[in-house]
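This is what each chain is made of:
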Amino acid sequence: MDMRIQPGDITRAQVDAVVNAANSSLMGGGGVDGAIHRRGGPSILEACRELRNSSLPDGLPTGRAVATTAGELPATWVIHTVGPVYSISEDRTELLVSCYRESLRAAVDVGATTVAFPAISAGIYGWPLEDATRVAVETVQEMIDEVGERITEVLFVPFDEAAENAYRRHIAGC
Ligand code: ADP
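Since the model is a prediction, treat every value here as computed from it, not as a measurement. (Residues numbered from 1 in each chain as written. Predicted model: local features only at pLDDT ≥ 70, side-chain atom pairs only at ≥ 80, totals over all residues. Heavy atoms only, no water.)

Chemist: It is not clear to me how the environment of Phe 156 should be interpreted in this structure. Could you clarify?
Modeler: Relative to the helices and strands, Phe 156 resides in strand 6 (residues 153–156). When the C-alpha positions of Phe 156 and Val 115 are compared, they lie 8.7 Å apart, and in sequence the two are 41 residues distant. Apart from the residues within four sequence positions on either side, Phe 156 is in contact with Met 3, Arg 4, Ile 5, Gln 6, Phe 117, Ala 136, Val 137, Val 140, Tyr 167 and Ile 171. (Helix = DSSP H or I, 4+ residues; strand = E, 2+ residues; numbered from the N terminus. Contact = heavy atoms within 4.5 Å.)

Here's what the structure looks like:
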């Protein structure tokens, strides 16, 4: 499994599955979530509504992941995952780890072989970038044994230079 950094807008990523840093309502939001719904069009929200009306009446719990269509995006699937809101009083790292694990498992379940991740929780949810990107890289690396035969490529998609530099430091340390 290749791990690469591909700076830019994740909605343009040419991969099978794009991971969305969603909120538990699955009804859209700001940041990367807003961008995915805007560019992907209404079929993504429709699929999310169906999930809310069937298997996820209370929304998607933090740390879990679920796949929908990617609508008009170049990708085939969007994998929605809910990152933890950063807290200084409580260590929520395991929930962030779970987002990466569950997203990769969801990707395998739908048959995706290439996956792009934004820096989950590092925007509106306030997770310090350095730590958020470290958890991302380490967790994907730790999943190679489990999903490495199915997932051939993981892209980390930094949206600005600070995120790009952070990913580079952690990938170099792998
Ligand atoms: P969260 O609520 O999980 O913090 P955000 O969407 O606010 O999610 O931010 C997560 C990360 O995604 C941030 O580093 C932000 O800069 C980045 N981001 C925002 N829009 C995009 C985009 N279109 N492509 C890739 N990354 C993005």
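Chemist: How should I be thinking about unusual backbone geometry in this particular structure?
Modeler: What is expected of a backbone is that most residues other than glycine have negative phi and most peptide bonds are trans. For Leu 26, which is not glycine, the phi dihedral falls at a positive 60 degrees. Residue placement: Leu 26 occurs in the loop between strand 2 (17–22) and helix 1 (31–40). Unusually for a residue other than glycine, Ser 121 sits at a positive phi of about 75 degrees. Locating Ser 121 in the fold gives a position in the loop between strand 5 (114–117) and helix 4 (129–142).

Chemist: Mind showing me how you'd approach the side chain of Glu 153 here?
Modeler: Following the sequence through the fold, Glu 153 ends up in strand 6. Relative accessible area serves as the criterion here: at 18%, Glu 153 is assigned to the buried category. Leaving out residues up to four positions away in the same chain, Glu 153 has contacts with Met 1, Asp 2, Arg 4, Thr 113, Thr 114 and Val 115. (Buried < 20%, exposed > 50% of the residue type's maximum accessible area, 1.4 Å probe, protein only.)

Chemist: Teacher, can you tell me more about the sheet that holds strand 5 here?
Modeler: Adjacent strands of a sheet pair through backbone hydrogen bonds, lying either parallel or antiparallel. One open sheet holds the six strands; their spatial order is 1-6-5-2-4-3, and the pairing between them is mixed. At either margin of the open sheet sits one strand with a lone partner, and together these are strand 1 (2–5) and strand 3 (65–69). Pairs of neighbouring strands in the sheet enclose a mean axial angle of 25 degrees, with direction left out of account. Looking at chain direction, strand 3 and strand 4 (residues 77–82) are connected through five bridges and run antiparallel. If you follow Thr 69 over to strand 4, its bridge partner there is Trp 77. Against the sheet, helix 1 engages strand 2 and strand 4, with an angle of about 130 degrees to strand 2. Its contacts with the sheet put helix 4 on strand 1, strand 5 and strand 6, and the angle it makes with strand 6 is roughly 175 degrees. (Pairing = 2+ DSSP bridges. Axes fitted to C-alpha atoms, helices over the stretch in contact; angles between N-to-C directions.)

Chemist: Looking at this structure, I do not really get the packing of aromatic side chains. What am I missing?
Modeler: Aromatic ring pairs: the centre-centre distance and the angle between the two ring planes describe each pair. Inspection of the entire model under this criterion finds four aromatic pairs. Taking the centre distance of 5.1 Å and the plane angle of 70 degrees together, the rings of Tyr 86 and Trp 127 count as edge-to-face. Of the two residues, Tyr 86 sits in the loop between strand 4 and helix 3 (93–110) while Trp 127 sits in the loop between strand 5 and helix 4, which places them 41 residues apart along the sequence. A relative accessible area of 3% means that Trp 127 is categorised as buried. The interplanar angle of 40 degrees and the centroid separation of 4.8 Å between the aromatic rings of Tyr 100 and Phe 117 together place this pair among those described as tilted. Of this pair, Tyr 100 sits in helix 3 while Phe 117 sits in strand 5, and the two are 17 residues apart along the sequence. Considered together, Tyr 100 and Phe 117 belong to a single accessibility category, that of buried residues. Aromatic ring contacts, followed pair by pair, group Tyr 100, Phe 117, Phe 156 and Tyr 167 into a single cluster. (Phe/Tyr/Trp six-rings, centres within 6.5 Å; stacked < 30°, edge-to-face > 60°.)

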